[in-house]
Amino acid sequence: MRLLIAEDEPDLAEALTVFFEKNQFSVDAVNDGISAYEYAVNAEYDAIILDIMMPKMNGIEVLQKIRAEGVRAPVMMLTAKSQKDDRIVGFDAGADDYLPKPFAPDELICRVRAMMRRGGEYKPTVLSYADLQLNCANGELRTNGRTVRLCGREFQVMELFMRDPQVVFSADRIMERVWGWDSDAEINVVWVHISNLRKKLKSIDSAVTVNAIRGLGYQLGAQQ
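Conventions adopted
- Residues numbered from 1 in each chain as written.
- Predicted model: local features only at pLDDT ≥ 70, side-chain atom pairs only at ≥ 80, totals over all residues.
- Heavy atoms only, no water.
- Helix = DSSP H or I, 4+ residues; strand = E, 2+ residues; numbered from the N terminus.
- Buried < 20%, exposed > 50% of the residue type's maximum accessible area, 1.4 Å probe, protein only.
- Contact = heavy atoms within 4.5 Å.
- Areas by Shrake-Rupley, 256 points an atom, 1.4 Å probe, with all protein chains shown as cover.
- Lys, Arg positive; Asp, Glu negative; His and termini not counted.
- Charge placed at Lys NZ, Arg CZ, Asp CG, Glu CD.
- Pairing = 2+ DSSP bridges.
- Axes fitted to C-alpha atoms, helices over the stretch in contact; angles between N-to-C directions.
- Parallel < 35°, antiparallel > 145°, perpendicular 65-115°, else oblique.
- Nonpolar A, V, L, I, M, F, W, Y, C, P; charged D, E, K, R; others polar.

(A) Examining the overall build of the protein chain more closely. Within the protein chain, the regular secondary structure consists of eight helices and eleven strands. With respect to the principal axes defined by its C-alpha atoms, the protein chain has extents near 60 × 35 × 30 Å. Residues counted as buried form 48% of the 224 residues belonging to the protein chain. Residue pairs at least 24 apart in sequence account for 57% of intrachain contacts in the protein chain once pairs closer than 6 positions are excluded. A total of about 11,100 Å² of accessible surface is found on the protein chain, and carbon and sulfur atoms cover 48% of it. A distance of 6 Å separates the average location of the 27 positive side-chain charges in the protein chain from that of its 33 negative side-chain charges.

In structure tokens, the structure reads:
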């Protein structure tokens, strides 16, 4: 799952990034409203966290603009403002939830997950394909009683495949969804991670592998 965090306090933005990444999210973090707007309209996110008091463009303006552009990702407003009128303004602009500072990180992630469930189709914690299960809570792949742990980007790539096993994903699409559209990583990082996933699938004797579709990209497949 991919998350955009727009927070003008760099230390808080960094702390939230680390926290969500430890909980199996792929995170882009920005510190001003213009960057938040550009990221939100140029990439696909499963959820967005917006601070209201940001430089260059405040969170309400960002929210209004991205909704006008057709961005439908659920949005959490994260702000020091907690008065009723401020909350009403946020909800009227298209926010899905509102959490005033200070807050407990555990509550934030629970509310983000709940917001995502309300905002679209249910996204299960355990994904299944053929003989394989992926536990999104701890990053474990399981089949035939054997398990292997995926780390970081490996998990995020595998989750992308298992949420849409019939889809062929190009390397560029995987880069955009997992590393972010402004990442400095080279495209060969996708090939390395797919190679690592194939080895881990083989290590637990799964019938599932990641197939290369010539000229198109990659797709899950299973031996009969």
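Moving on from the coordinates now.
(B) Quick look at the sheet that holds strand S1 (residues 2-6). Spatially, five strands are ordered S2-S1-S3-S4-S5 in an open sheet, and the strand pairing comes out parallel. If you trace the sheet from one side to the other, it starts and ends with strand S2 (26-30) and strand S5 (97-100), each paired once. Between one strand axis and the next, the sheet turns by 15 degrees as a mean value, whatever way the strands run. Pairing of strand S3 (residues 47-51) with strand S4 (residues 75-79), which is carried by four bridges, proceeds in the parallel orientation. Counterpart to Asp51 in the pairing with S4 is Leu78.

(C) Structural context of the environment of Asp106. In this structure, Asp106 sits in helix H5 (residues 105-119). Measuring from C-alpha to C-alpha, the distance between Asp106 and Phe20 comes to 10.0 Å, with 86 residues separating the pair along the chain.

(D) Focus on the sheet that holds strand S7 (residues 132-135). In spatial order, the strands read S6-S7-S8-S9; together these four strands make up an open sheet with antiparallel pairing. The open sheet has two edge strands with one neighbour each: strand S6 (126-129) and strand S9 (146-149). Across the sheet, the axes of successive neighbouring strands diverge by a mean angle of 20 degrees, strand direction being ignored. Most of the contacts of helix H6 (residues 153-163) go to S7, to which it runs at about 125 degrees, and overall it touches S6, S7 and strand S8 (140-143). On the sheet, helix H8 (residues 188-203) packs against S7, S8 and S9 and is oriented at approximately 155 degrees with respect to S9.

(E) Spatial organisation of the packing of helix H7 (residues 171-179) against H8. Direction vectors running N to C along H7 and H8 enclose 85 degrees, while the axes themselves pass 9 Å from each other. It follows that H7 is roughly perpendicular to H8 by the angle criterion. Residue-level inspection shows Ala171, Ile174, Met175 and Trp179 of H7 in contact with H8, the latter providing Val189, Val190, Trp191, His193 and Ile194. Split into classes, the residues belonging to the contact of H7 with H8 amount to eight nonpolar, one polar and no charged.

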